[in-house]
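Descriptive analysis of the structure
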Amino acid sequence: MKGLKAYQQVNTQTSITDADPHKLIQLLYNGALERINMARARMQAKDYAGKGKLIGKAIEIIGGLKSFLDFEKGGELAARLEGLYDYMERTLLEASARNDVAKLDEVADLLRSIKGGWDGIREEAVAQSAQVG
């Protein structure tokens, strides 16, 4: 439930009680992207404290995404995603330390790419979840 806690810290306006597991992951991706975009704006405005907090939140969310990985069912894909999430966390730390907008953009692009794939399997995931439940 670590991922759930990360989500609750990220977005308290949306009710997570109605969110199925697939939707929860979508919300985490959206939250991470939103924080990175906000951090980019803070970085450009030279609000380094604000930037640091937002990048910290994005890293927390990515940690939440990692906590949802199922290595038993996901196998190699889960292992690759874990490596990619680790890379994103390191890159965000580097972006913060160097005030490097390009690094923020790189992580945002990676997240958007993964999110696009995740969004693409929505119907299949919901159907599977309905069969299980």
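Placed above this text is the structure.
Criteria and thresholds
- Sequence order as written defines residue numbering, which begins from 1 separately in each chain.
- Where totals are concerned, whole chains, interfaces and linings use all residues; where local detail is concerned, this predicted model gives features only for residues with pLDDT of at least 70, and gives and counts side-chain atom pairs only at 80 or more.
- Side-chain numbers come from the whole structure's heavy atoms, not from hydrogens or water.
- Runs of H or I in DSSP of at least four residues are treated as helices and runs of E of at least two as strands, each being numbered from the N terminus.
- Throughout this description, buried means an accessible area under 20% of the type-specific maximum (1.4 Å probe, protein chains only), exposed means over 50%, and partly exposed covers the range between.
- Contacts: residue pairs with any heavy atoms within 4.5 Å of one another.
- Note on areas: these come from Shrake-Rupley sampling with a 1.4 Å probe, and a residue is covered only by the protein chains present in the view.
- When a carboxyl oxygen of Asp or Glu lies within 4 Å of a side-chain nitrogen of Lys or Arg, that pair is called a salt bridge.
- Expected helix span is taken as 1.5 Å per residue step, with the number of steps being one fewer than the number of residues.
- Think of a polar contact as two N or O atoms within 3.5 Å of one another; within protein, one of them needs to be a possible hydrogen donor and the other a possible acceptor, and neighboring residues in sequence only count if both atoms come from side chains.

1. Describing the overall build of the protein chain
Within the protein chain, the secondary structure is distributed over six helices and zero strands. Burial analysis of the protein chain (133 residues in total) assigns 38% to the buried set. The contacts in the protein chain between residues at least 6 apart in sequence include a share of 62% that link residues at least 24 apart. Accessible area of the protein chain: about 7,800 Å², with a carbon and sulfur share of 52%.

2. Quick notes on the side chain of glutamate 89
With respect to the element layout, glutamate 89 can be found in helix 4 (residues 71–98). For glutamate 89, the residues in contact, after removing those within four places along its chain, are Ile59, Ile62, Gly63 and Lys66.

3. Some words on the pattern of salt bridges
By the definition in use, this model includes ten salt bridges. For aspartate 105, the salt bridge identified is with arginine 40, shortest N-O distance 2.7 Å. Placement of the pair is aspartate 105 in helix 5 (residues 101–120) and arginine 40 in helix 2 (residues 21–44), with a sequence separation of 65 residues. For aspartate 105, a relative accessible area of 26% puts it in the partly exposed group. We note a salt bridge from lysine 66 to aspartate 86, for which the minimum N-O separation is 2.5 Å. Here lysine 66 is found in helix 3 (residues 48–67), whereas its partner aspartate 86 is found in helix 4, with 20 residues between them in sequence. Overall, lysine 66 belongs to the partly exposed group, its relative accessible area being 22%. By relative accessible area, which is 26% here, aspartate 86 ends up partly exposed. Overlapping salt bridges bring together Lys66, Asp86 and Glu89 as one network.

4. Topic: helix 2
The end-to-end C-alpha distance of helix 2 is 35 Å, a good match for the 34 Å that 24 residues give at a rise of 1.5 Å each. Within two residues after helix 2, lysine 46 carries a phi angle of roughly 60°, on the positive side.

5. Thoughts on the side chain of histidine 22
Inspection of the secondary structure puts histidine 22 in helix 2. Taking the relative accessible area as the measure of exposure, histidine 22 reaches 4% and is therefore buried. In terms of polar contacts, histidine 22 uses its side chain to reach the backbone carbonyl oxygen of tryptophan 118, at 2.8 Å. Residues in contact with histidine 22, not counting those within four places in the same chain, are Trp118, Ile121, Arg122 and Ala125.

So yeah, pure geometry; function would need other evidence.
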